[in-house]
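Tertiary structure, described
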Amino acid sequence: MATQARGAADPFILALDLGTSGMKVAVCTSAGAALEWEMEPCQVIYLPGGGAEQRPEDWWLALVRCMDRLQQRCPEKLARIRAVCASTHWSGTIPVNSRGEPLHNAILWMDTRGATDVRRTVGGLIRFDGYSVWKMLRWIRLTGGLPSLSGKDSIAHILYLRSHHPEIYDAAHLFLEPKDWLNARLCGRMVCSSEAILLHWVTDNRDLQNIKYDPTLLKWVGIAREKLPDLVPCTEILGPLLPEVARALHLPSDVVLVGGLPDVHAAALGSGAIGPLEPHLCIGTSSWLGAHVPEKRTDLFRQLASIPSALPDRYLLVSEQECAGGCLNFLRDSLLFPDGAPPDVWSILDGLVTQSKPGAGNVIFTPWLYGERAPVDDHTVRGGFFNLSMPIRRPDLVRAVYEGVAFNTRWLLGGIEHFCGRKADVIRFVGGGAKSHIWSQILADVLERPIARVKDPMQTNARGVALLAAVALGARTWDELSGLVAIEETLQPNPQTRDVYGQLFDRFLEIFHANRRIYAKLNRHD
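Residues numbered from 1 in each chain as written. Predicted model: local features only at pLDDT ≥ 70, side-chain atom pairs only at ≥ 80, totals over all residues. Heavy atoms only, no water.

**Some remarks on the overall build of the chain**
Within the chain, the secondary structure is distributed over 16 helices and 27 strands. Relative to the globule expectation of 24 Å for 526 residues, the C-alpha radius of gyration of the chain, 22 Å, shows essentially globular dimensions. Principal axes of the C-alpha set define a box for the chain whose edges measure 65 × 60 × 45 Å. Burial statistics for the chain: of 526 residues in total, 62% are counted as buried. In the chain, once contacts between residues fewer than 6 apart in sequence are set aside, the share between residues at least 24 apart is 72%. Side-chain charges in the chain split into 55 positive and 57 negative, and the spacing between the mean points of these groups amounts to 3 Å. (Helix = DSSP H or I, 4+ residues; strand = E, 2+ residues; numbered from the N terminus. Rg over C-alpha atoms; globule rule 2.2 N^0.38 Å. Buried < 20%, exposed > 50% of the residue type's maximum accessible area, 1.4 Å probe, protein only. Contact = heavy atoms within 4.5 Å. Lys, Arg positive; Asp, Glu negative; His and termini not counted. Charge placed at Lys NZ, Arg CZ, Asp CG, Glu CD.)

Structure representation (structure tokens):
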């Protein structure tokens, strides 16, 4: 793909980053630098039985509000935009009619209501860990992984609708991921990028250049092929924006839409960790450790598999933690500031952490507030503070939350390094969590690895899809991308904390194993 001339001719790209907490919009250069950005919050609707939903129309209204503010502040920059590209939270499901209109709220990645349906679907006479052995072998060979028994994958959402809302299932023209619903609203075309379809678990992913639906897997899950969108590359130019959309968003009429990525894939690009086996850590509401790898491979015992990535010649290894930054949100909203947090709340929390010594007075926080996906797939485990005593004060509780997320990340890191066959030299750190210097240092100390805080970590997903769009437009090449992502600082592990964190990590694992059956009894109906 030919590279365009640099300088004034460089295209501006509108990067959309829809996270669980809200819509972020950034005007970016082809080098991924965010020149302007806006954010609008979106509400999560929590329902009995493990339900978690959002209204797709709220996403659209949030986008329009962001664009209205950008138009007021920097109309000259909007006039230079040549492409739009979106990243959104992954593993969500929106049933739509033939016009792309939602027939139901979006079912989110946290939703577990389809657990019973997916367990029934993947079972059989001869089982291993809940899966039919025959089905397991084919799923792993073709897709690289297995439908999660927690019910949080896209396929579980569809099965839930088929079982409990058959009228919606029957009326659905297509089931779309959040990114693909947003794309359809922007340009009218209802398709799915090849890497984003993975969590439906019905595609053959052995050839990255030819990812396709597999008839046998479709038959097993009982989903009609015509209810799933056609597949395209993430760099596909889907077409121009609809004229009325371009006007509503204050964009030129010739702006095009690029296929885009799920948040996991966008963060991998935006972190700059693009070379083989280069790890990155992203902490947002959830978190994950990941690295691009050269081959498709599966480690069942550590809940790890390499999946299709944005890069045309590489897979992406990801180990995801369900609740990370979300634990700080819980601490803020439910424990410390239930009547509303001050604007500088994150600086306040960081300051409290510094008032407690490493180890938080031997208080251990478990971050499983909404179950866990990796390194164990268990939707019944829950969070909590362990080993509380009278001398414990608020700074200790806050530090324990930071450290608890770090302990779970250390658990993930063991599997990632085993899979890659090497110890991480340095881990690039992105997402909202990377704004915190003290949390970055805690992670370096707990993981015993250097942590490189990427510059502008909140804009990582936007940077990732801006770079993707630049490649699609011919303004950049894949080989250039890693050199475009700057590091703010690199924090080295403090050897003086090694013993205390090593011992507490061992206790952290013991807490999980000692209480797992209790969690299952308490939460088996959630």
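From this point, the narrative continues.
**A word on the pattern of salt bridges**
In total, this model carries 37 salt bridges according to the counting rule given. As a salt-bridge pair, Arg73 and Glu38 come within 2.4 Å of each other at their nearest N and O atoms. Here Glu38 lies in strand S3 (residues 34–41) and Arg73 lies in helix H1 (residues 56–73), a separation of 35 residues in the sequence. Look at Glu38 and you get buried, because its relative accessible area is 13%. When the shortest N-O distance is used, the salt bridge between Asp180 and Lys179 registers 2.7 Å. Residue Asp180 shares its accessibility class with Lys179, and that shared class is buried. Via salt bridges that share partners, Glu36, Glu38, Glu40, Arg65, Arg69, Arg73, Glu76 and Lys77 belong to a single interconnected network. (Salt bridge = Lys/Arg side-chain N within 4 Å of Asp/Glu carboxyl O.)

**A closer look at helix H12 (residues 345–354)**
Every buried residue belonging to H12 is among Val345, Leu349, Asp350, Leu352 and Val353, and all of these are buried. Axial view of H12: buried residues confined to an arc of 160 degrees, hence all on one face. Facing away from the buried side of H12, by more than 90 degrees, are the exposed residues Ser347 and Thr354. Residues of H12 that are buried sit in contact with helix H11 (325–336), helix H13 (394–420) and helix H14 (437–447). (Arc of directions from axis to C-beta.)

**Observations regarding the sheet that holds strand S1 (residues 12–18)**
Spatial strand order, S3-S2-S1-S6-S17-S16: six strands in an open sheet with mixed pairing. Both outer strands of the open sheet, S3 and strand S16 (237–240), are each paired with one neighbouring strand and no more. The sheet shows a mean angle of 20 degrees between the axes of neighbouring strands, taken without regard to direction. In this fold helix H15 (residues 460–473) packs onto S1, strand S2 (22–28), strand S6 (81–88), S16 and strand S17 (256–262), with an angle of close to 140 degrees to the strand it touches most, S1. (Pairing = 2+ DSSP bridges. Axes fitted to C-alpha atoms, helices over the stretch in contact; angles between N-to-C directions.)

**A short note on the side chain of Asn408**
Along the chain, the position of Asn408 falls in helix H13. In this structure the side chain of Asn408 is engaged in a polar contact, spanning 3.2 Å, whose partner is the side chain of Gln321. Excluding its chain neighbours within four sequence positions, the residues that come into contact with Asn408 are Gln321, Pro367, Trp368, Glu372, Ala374, Pro375 and Phe508. (Polar contact = N/O pair within 3.5 Å; in protein donor to acceptor, adjacent residues only side chain to side chain.)

**Details of the packing of aromatic side chains**
Under the counting rule described, the total for this entry stands at 14 aromatic pairs. Between Phe407 and Phe508, the aromatic rings sit 5.8 Å apart at their centres with planes inclined by 50 degrees, giving tilted as the arrangement. You can see Phe407 sitting in helix H13 and its partner Phe508 sitting in helix H16 (residues 498–523), a full 101 residues away along the chain. For the pair Phe407 and Phe508, a shared accessibility class is recorded, and that class is buried. Following the ring pairs from residue to residue traces out a cluster consisting of Trp368, Phe407, Trp411, Tyr501, Phe508, Phe512 and Tyr519. Sitting above the plane of the Tyr169 ring, Lys227 keeps its charged end 5.1 Å from the centroid. The residue whose ring lies beneath Arg297 is Phe419, and the NZ or CZ to ring-centre distance is 4.0 Å. (Phe/Tyr/Trp six-rings, centres within 6.5 Å; stacked < 30°, edge-to-face > 60°. Lys NZ or Arg CZ within 6 Å of the ring centre and 35° of its normal.)

**A look at the packing of H11 against H12**
The contact between H11 and H12 brings their axes to 12 Å, and the two run at 95 degrees. Judged by the angle between their axes, H11 and H12 are roughly perpendicular. Contacts from Leu328, Asn329, Leu331, Arg332 and Leu336 in H11 reach Val345, Trp346 and Leu349 in H12. (Parallel < 35°, antiparallel > 145°, perpendicular 65-115°, else oblique.)

**A word on the environment of Pro11**
Looking at the element boundaries, Pro11 is found in the segment before S1. Classification of Pro11 by relative accessible area gives buried; the value is 4%. Taking C-alpha positions, Pro11 is 48 Å from Gly384, a pair spaced 373 residues apart along the chain.

**Comments concerning the sheet that holds strand S4 (residues 45–47)**
The strand order across the open sheet built from three strands is S4-S5-S8, with neighbouring strands paired in antiparallel fashion. Each of the sheet's edge strands pairs with one partner strand only, and the pair in question is S4 and strand S8 (106–107). The pairing of S4 with strand S5 (residues 51–54) spans three bridges and is antiparallel. Considered in S5, the bridge of Ile45 is made with Glu53.

**Overview of the environment of Arg332**
Here Arg332 lies in helix H11. You can call Arg332 buried: its relative accessible area is 19%. Aside from chain neighbours lying at most four places away, what touches Arg332 is Phe337, Pro338, Ala341, Val345 and Trp346. Of note is the side chain of Arg332, whose polar atom sits 2.6 Å from the side chain of Asp333.

By themselves, these figures tell us nothing about what the structure is for.
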